[in-house]
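Coordinate inspection notes
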Amino acid sequence: MAMCLNYLFQPTLNHFNCRYSRHFSLPPNPNPKSFSSNFSHTATTVNLKFYGPDSPKPTSIQSKPPSSVHPLPYSSLIQNCIDSNSFELGKSIHVQMIYNGYNPDAYLMTKILMLYARSGCLDDLCYARELFEEMPERNLTAWNTMILAYARADNYVEVLRLYARMRVSGNFSDKFTFPSVIKACTAMEDIDGIRQVQSSVVKAGLASNLIVGGALVDGYARFSRMDDAVTALDEIEGTSVITWNAVIAGYIKVLNWEEAWEIFDRMLKIGVYPDNFTFASALRVCGGLRSRDRGKQVHSKLIACGFKGDTFVGNSLIDMYAKCGDEESCLKVFNEMGERNQVTWNTIISAEAQFGHFHDALVLFLRMQESGCKSNRFNLGSILMASAGLADIGKGRELHGHLIRNLLDSDIILGSALVDLYSKCGMVEEGHQVFKTLLERNEVSYNALLAGYVQEGKAEEALELYHDMQSEDGIQPDHFTFSTLLTLCADQGNDYQGRQIHARLTKKNITKNIIVETELVHMYAECGRLNYAKEIFNQMAERNAYAWNSMIEGYEQNGRTEEAVLLFKQMQINGIKPDCFSLASMISSCVSLSDWHKGKELHNFIARNSMEEEGILRVLLVDMYAKCGSMDYAWNIYDQTIKKDVILNNVMISAFVNSRRMNDAKNVFDQMEQRNLASWNSVLACYAKEGLKRRSFNHFLEMLENEIEFDVLTMVTLVNLCSSLPALEHGEQLHSLIIKKGFVNCSVVLETALVDMYSKCGVIKKAREVFDNMNEKNIVSWNAMINGYSKHGCSKEALILFKEMEKEGMSPNEVTFLSILSACSHTGLVEEGWRIFSSMQEEYNTEPKAEHYTCIVDLLGRAGRLEDAKEFVEKMPMEPDVSTWGALLGACRVHKDMDMGRLAAERLFELDPQNPGPYVIMSNIYAAAGRWKEVEDIRQMMKMKGVTKEPGVSWIEINSDIQIFHAGSKTHPRTEEIYNNLRLLTSQSKGLGYIPDTGLILQNVKDVKEEEEEEYLLQHSERLALSLGLISLPEKSTIRVFKNLRICGDCHNATKFISEITGRRIIVRDTKRFHHFEGGKCSCGDYW
């Protein structure tokens, strides 16, 4: 037969030197008495050859001619030595034969050849080859003996060479020849050789032979040529479990789990009795199929066959149950095993790590060591995984040290696991150091480090590593690499980079991988590119739950809730059962739609499917009901939960906070066994929302006493509280604490809150100082500063900052334009305001909303252009709202236009009949004109509709304590001093030209004397607060007064004179703006 491999006919190696360091030497002389035969001999010369560096030179000894004795006694002796593995004794007999000059015939020579060939000693094999080559006549047994010997020695090249020579010599192969030759072809990866041998097998009529056919089956199976393997199997007569095992193993190798199961099932049906390897393979198939039911069947069968106590099978059972997610059965098999080996421990430790029970994996690792089994690459990999899952960097470092001491840290598998551990513990740079020490890297090690950078949001480092990976020989990014990069793009909302990766995937033709397709859908959905996401989603041949969830979440997050709900229904129609992720998106959709009825349906679905124990769903349901206004349902879910974790408690607290149920929120907080920072911050937010300064700061002090490390959010809440009160002294103390804590330039939100706080507390210069020192500014930061300037009447500074903002590349938004237009309105910059309003759509592509139109009405109205303002209102593209008519009414009050005021007021009475503001303003307009009957009519109208006027309140902060005043208040301990000081200041002001404007006394006092009218003016709340500040605060300190309504005209005028008399800087903040009084002037220029 002409074999396809060229090496079959290459010159034979020097078999006497072979490839070994030692060679055959004669054994010590045996005792002649051990042989009973006595022969007579004629002298002949026999050459004995010795090989090796210490061997003597070839010599000759005298021998005698062949004996006439039949060779059978020697043959039997040699055969007995072979059968009993007494090879040294057999070799001694051979030496004795040589000394006795016995010349064996071909039959005996073959037996001697078998003796040396089967001893298992490489030196003996070399000597056997010498004997074989010197044989003048070689029978089939001699050929088979040498072929089998070389096959057992794994010298497959010699097997094939001998086979080729055998064929050329005219000897025909038999059932003993073919198995070794097939084995050699398999080892040499010569599939064509196997096919040619099969042809010879068929010609020899041996295809049905159990041994030969089994060898063919095994050979084809190892090459994954399963059709050929099954064909060879079908031709075999008789049954051999080994052959069937080979076919099952072949299908497993190519991951054809169903075909492997069919072979196993067929094997049982025809009565082939399985062995432990069969059951182990069948269990591996069940694990591959993730079929717990089939695994249970195999488990029952192996018990019936008596393999329950087999350790090899037990290990496979543990692995199968682990892959099928059945931890209970996994542990049960492990606990019932009578004998456990290293593989047993490795398997159960790996299973617990895969289940995410990382602590249990560590406990089992310790038990393994106590049992006497050692740590190795396999269990150390699982323990590294467990440490990574626990984010236990201490245990990780301990393992790292162990690997270094045992020279295993550069191992590619363990090294990659170390990289993964450091990455998951948030120490990606240390992971990178381990990565650099690896002697060899593969896709796994690269992907582990890449995932670490992505987890940390380090895009530049991740992309640089990706490029390094592409340039390293033998390593190419795989679907895990690209899915990780797509996750990075999704997290950062970077669809540009995501599209580049998509293009790379298309070029490499791996877009059809389900993992990659799903991540593409997720990336585009997260980036708001829902059309791209939908296109890929629709083209997917197979859609998993993650793909459906990504699309549903994408629609929900982008406000397309109706489409999200529709897709959720389609997912169920397609046979995908909703999981906690899809249900979470749906619950969020119910919040967006404010549809608690739909949420109730989802709640029922969750209950029917016993999914309530999944903590995240319970939390989301409580949150959904609360945000939809169904607090009773929210409380019922919370109250019925036996084990309330900190997250559920926090959500319930937040629900009560948003419902302004402060006491309930505090009760939940007080009952919590475990609290985290979010718990403390939620209660703090509750107090702050109610404006409870004292309780808020006491709660904060309690945090510090309990050694709770506050964060940026804590500071933002407190700073915002100081803004709303306002409370400058506390705000300044918080700012100092922020600097001390190192929070400066670490949160744009916090620094923006500081800008807003200083602005609302009247310290606009300090606000600008904080703003200028910010390393990072977002649109909210710019808007806070511009709005601050607007409220302080600094329109020039606001406009300059608006231009600087554009130079910095920050595009203005709707809030920016509101602040700028308001600044122009407060200072009478009509033309500039009109220009900016016109540019909104033309230059900035921003559609003006009702509030922007309201600003223009206010701008025109304040400037006295009431007719223009009225015309502008009538031409608005949308229906004027309450704020628009309110702006026009306010302008009518300033300019005392009673008729137009009446028109605006009537519209406001229709649109917002319960708002007291329009009634009060119209009443003031009538009162200023002396129309007291109309004033009384307004009051009766308010009484009839049940509308109550909001009382005027002013307050001032004295030594960190807020002092509150109403009009005519006389309850303050220093009331007499307050009023006497005002009377003195009024007298001094008159000397400077102050004339009390009694026309602003908004009640009928025609029968009251002038002195009494002036006394009414002294009782205004802002003037009382100002007087307290003058007598309580240090002489050169700035006085800051705050009022919930617009400052009255007479108080505004009087405060200018008071600032000149006292030499004090006085700041008054009303509902519209700040007034800075100094040296007899106001920053508003009396334009307010």
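Reading guide: rules and limits
Residues numbered from 1 in each chain as written. Predicted model: local features only at pLDDT ≥ 70, side-chain atom pairs only at ≥ 80, totals over all residues. Heavy atoms only, no water. Helix = DSSP H or I, 4+ residues; strand = E, 2+ residues; numbered from the N terminus. Rg over C-alpha atoms; globule rule 2.2 N^0.38 Å. Buried < 20%, exposed > 50% of the residue type's maximum accessible area, 1.4 Å probe, protein only. Contact = heavy atoms within 4.5 Å. Lys, Arg positive; Asp, Glu negative; His and termini not counted. Charge placed at Lys NZ, Arg CZ, Asp CG, Glu CD. Core = buried A, V, L, I, M, F, W, Y, C linked by side-chain atoms within 4.5 Å. Pairing = 2+ DSSP bridges. Right-handed = clockwise from strand over helix to strand, strands pointing away. Phe/Tyr/Trp six-rings, centres within 6.5 Å; stacked < 30°, edge-to-face > 60°. Lys NZ or Arg CZ within 6 Å of the ring centre and 35° of its normal. Axes fitted to C-alpha atoms, helices over the stretch in contact; angles between N-to-C directions. Left-handed = near helix turned anticlockwise from the far one by under 90°. Nonpolar A, V, L, I, M, F, W, Y, C, P; charged D, E, K, R; others polar. Expected span 1.5 Å × (residues − 1). Polar contact = N/O pair within 3.5 Å; in protein donor to acceptor, adjacent residues only side chain to side chain.

Observations regarding the overall build of the protein chain
Along its length, the protein chain carries 56 helices and eight strands. Relative to the compact-globule value of 31 Å for 1088 residues, the protein chain shows a C-alpha radius of gyration of 47 Å, a clear excess of over 25%. If one aligns the C-alpha atoms of the protein chain with their principal axes, the spans along those axes are about 170 × 55 × 55 Å. Across the 1088 residues of the protein chain, 49% fall into the buried class. Summarising the internal contacts of the protein chain: among those between residues at least 6 apart in sequence, 62% fall at separations of at least 24. Separation between the mean location of the 115 positive side-chain charges and that of the 138 negative ones in the protein chain comes to 2 Å.

As for the nonpolar core
Judged by nonpolar contacts, the single largest core of 290 residues is most densely connected at M146, V298, M652 and M715. Apart from the residues within four sequence positions on either side, M146 is in contact with L113, A117, L125, A128, R129, F132 and L162. Among the nonpolar cores identified, the runner-up in size contains 26 residues, and I956, F965, I1047 and I1058 belong to it.

Topic: the pairing of strand β6 (residues 1066-1069)
Here β6 shows no split at all, with I1066 and V1068 on one side and I1067 and R1069 on the other all buried. One ladder, built from four bridges, connects strand β5 (residues 1039-1043) with β6; its direction is parallel. Looking at the pairing, R1040 lines up with I1067 of β6. Of the crossover connections in this fold, the one passing from β5 over helix α56 (residues 1049-1062) to the parallel β6 is right-handed. Between β6 and strand β7 (residues 1074-1078), which pair antiparallel and follow one another directly, the connecting turn spans four residues.

Concerning the packing of aromatic side chains
Scanning the entire structure with this criterion turns up 29 aromatic pairs. Between W261 and F264 the ring centres are 5.4 Å apart and the planes differ by 45 degrees, which places this aromatic pair in the tilted class. A residue pair is termed a helical-turn pair when its members lie 3 or 4 positions apart in one helix, as W261 and F264 do in helix α12 (residues 257-269) at three residues. Summarising the burial analysis for this pair, W261 and F264 share the class buried. Ring geometry for F837 and F872: centres 5.9 Å apart, planes at 70 degrees, overall edge-to-face. Here the residue F837 occupies a position in helix α46 (residues 830-842), and F872 occupies one in helix α48 (residues 866-874), the gap between them amounting to 35 residues. F837 sits in the buried class, given a relative accessible area of 9%. Under the relative-accessibility criterion, F872 is labelled buried at 12%. Of the aromatic side chains, those joined through ring pairs into one cluster are W834, F837, Y853 and F872. The ring centre of F537 lies 4.6 Å from the NZ or CZ of R543, which sits over that ring.

Here we look at the packing of helix α30 (residues 561-573) against helix α31 (residues 580-593)
How two helices sit against one another is set out by the angle between their axes and by the gap between those axes. Two elements in contact, α30 and α31, have axes separated by 10 Å at closest approach and are oriented at 150 degrees. As for the relative orientation of α30 and α31, their crossing is left-handed in sense. Residues T561, E562, A564, V565, F568 and M571 of α30 form the contact with α31, whose participating residues are S582, L583, M586, S589, S592 and L593. Each residue belonging to the contact of α30 with α31 can be placed in one class, and the counts come to seven nonpolar, four polar and one charged.

Let's talk about the environment of F132
Topologically, F132 is positioned in helix α4 (residues 122-134). The class for F132 is buried, based on a relative accessible area of 0%. A sequence separation of 18 residues divides F132 from M114, and the C-alpha atoms of the two residues are 10.0 Å apart. Apart from the residues within four sequence positions on either side, F132 is in contact with L113, R138, A142, W143, M146 and L162.

A look at helix α9 (residues 210-222)
Compared with an ideal rise of 1.5 Å per residue, which puts 13 residues at 18 Å, α9 spans 18 Å between its outermost C-alpha atoms and is within 8% of the ideal. Turning to α9, its buried residues number three or more, namely V212, G213, G214, A215, L216, V217, G219, Y220 and A221. The elements touched by buried residues of α9 are α7 (177-187), α8 (191-203), α10 (226-235) and α11 (241-253). The N-cap residue of α9 is N209: its side-chain oxygen and the backbone nitrogen of I211 are 2.9 Å apart.

This is a description of form; function is not addressed.
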